[in-house]
Structures are given as C-alpha cells and as structure tokens.
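Spelled out from the first residue to the last, the chains are:
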Amino acid sequence: HLADLTDEQQAALDGVVRLLDDCLHHDPSHAPALTCLAAIRSIRRDTAGLAALAERLDATTEAAPASRYLAAVCHWAAGHYDRAHTLALEAARTREWQSEARLIAAWSLAKQGAIAQALPLLESVTGDESAASRQLAHALAGHLHEQQQQYEDTIRHWSAIDAATRARWGLDEPLRLMVFLGGLVALDTGRYEQAAERFREAGKLGLRERRLGGLITLALVKAGQKLLYETAGE
C-alpha cells in the first residue's frame, strides 16, 4: 500500500512515473511502460487512472501474462466487465497469475450479476494459500453468499479473514450480525445445537445483544427436548 511507503519511497515512485510519462510521450504504445504505469496506478488505487489506460494497454501487442492481467484490471476499472473477464482468464492460464487473475474474472462476473459463475472462481482463490488476493477473495465471496442468503457460507468466508484485516475493512460488525442471524435461522429450522453454537460465537465476537443469553438457554433446552423425544421414539 502506498500509505506504508516512506516519503522518500513515494518521491522515488513519483520519479518513476515521470520517466514513464516521458517514455510514453515518445512512444504512446510502449507496452512495458504502459504495464508499469498501470501497476503503479493499481498500487495507488487510482481507478480513474487505470480506466484511462484500458484501451491503450489492450491495444498493445504485448502478450505477457502481467500485461494481460493489468489490462484486465484497467478494463474492470473502466466498467468493461466482459473484456476484463476475457483478459483475466487469459492471464490465469499461467501459474504465476492464476489466482490474482481469477479474482478479477470473478469480480467481473459478479458485477454482471453472474454470481453462480463467480463463486467457484473465488473458491479457487481462497484455496490458494500463496495468493496475495486470498483475503479479498474471502471478503467478496462472503458478500456474494450474503446476497444469495447463504449465511453459513458468508460466515465461513468472513471468519477466514485475519482479525486485523477484517477490522480495517469494516467487516467485524457485519460478521457479528451474520453469526447472530445464522443462530436465529438455525433455531427456526430446528437445528438447536448449531443455534446455541452460533449465539455463543456471536458473543465471543463482541455482539451486544441483550437477548443473547436467553437465546442460548432456549436453544439448549430445545436441543434437550428434541433428544428426549428422539430417544422416547426409539
């Protein structure tokens, strides 16, 4: 992240941008320069700057996976989700860019409402322990599962994000509420032991809900009654 760089490092990066701009002034289609500039704008989260590079980077003859990946990022920033998806899948053919490119492909599909197609791609990213985008893939997958009302999967993904990152992304409270909701759904559908477990988990996560203790007790009583009925019926 740019915020983690020292002033000297940021100044050095500005110097690199000036050199790249000069290079592109003389050769507007210079693929390596466009690729480097896109990478710097990505680090800086310059969405408008990335979008401005989409067509230029896509028009180059450079076929390197890094260029294809960054072209996909640029098209995603520009809202060209079909093209971003295509380029990302091209970049994903190489192991080095496989997970990062699949994330962009999945995000492009999600932007078009193709959630069922996006989720398997995200699962492949979250399963890659070496993927730099693994945490982001968990966050996005959890959000998409939430939209589908698949709350247990949402909890699974958001719980997998490390605590510091989850707090920085503002997901602590949504996770608490999702775990609580999962407990209510389990209680309503007769999965009483799971309900009690979810209510306890919500409490450990810091949920402030005055009914929590009573709900845990209710779930445990219901679980005991269910066990008694099942035993009596044997």
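Residues numbered from 1 in each chain as written. Predicted model: local features only at pLDDT ≥ 70, side-chain atom pairs only at ≥ 80, totals over all residues. Heavy atoms only, no water.

**Comments concerning the overall build of the protein**
Put simply, the test is: A run of H or I in DSSP becomes a helix once it reaches four residues, and a run of E becomes a strand once it reaches two; helices and strands are each numbered from the N terminus. Whether a residue is buried, partly exposed or exposed follows from its accessible area with a 1.4 Å probe, protein chains only, as a fraction of its type maximum: under 20%, in between, or over 50%, in that order. By definition, residues are in contact when any of their heavy atoms lie within 4.5 Å. Here the accessible surface of atoms and residues is derived via Shrake-Rupley with a 1.4 Å probe, and residues count as covered only by protein chains that are part of the display. As used throughout, the charge tally considers Lys and Arg to be positive and Asp and Glu to be negative, leaving His and the chain termini uncounted. We put the charge of a Lys on NZ, of an Arg on CZ, of an Asp on CG and of a Glu on CD.
Helix and strand counts for the protein come out as 13 helices and zero strands. Counted from the first residue to the last, the protein has its helices and strands arranged as α-α-α-α-α-α-α-α-α-α-α-α-α. For the protein, the spread of C-alpha atoms along the three principal axes comes to 85 × 40 × 25 Å. Among the 234 residues that make up the protein, the fraction classed as buried is 41%. Relative to all contacts within the protein whose residues are 6 or more apart in sequence, the contacts with residues 24 or more apart total 44%. Roughly 12,800 Å² of accessible area belongs to the protein as shown, and the carbon and sulfur atoms make up 53% of that amount. When the 25 positive and 31 negative side-chain charges of the protein are each reduced to one mean point, those points stand 5 Å apart.

**Side note on the pattern of salt bridges**
Where charged atoms from two side chains of opposite charge come close, those side chains can pair. Our working definition: Salt bridge criterion: a side-chain nitrogen from Lys or Arg within 4 Å of a carboxyl oxygen from Asp or Glu.
Evaluation of the coordinates by the stated rule reveals eleven salt bridges. One salt bridge connects Glu152 with Arg198, and the closest N-O pair in it is separated by 2.3 Å. Note that Glu152 is positioned in helix H9 (residues 151-159) and Arg198 in helix H12 (residues 192-204), a separation of 46 residues in sequence. The exposure class of Glu152 is partly exposed, given its relative accessible area of 29%. Arg156 is the salt-bridge partner of Asp153, the closest N and O atoms lying 3.0 Å from each other. Of this pair, Asp153 and Arg156 both sit in helix H9, separated by three residues, roughly a single helical turn. The exposure class assigned to Arg156 is partly exposed, which follows from its relative accessible area of 41%.

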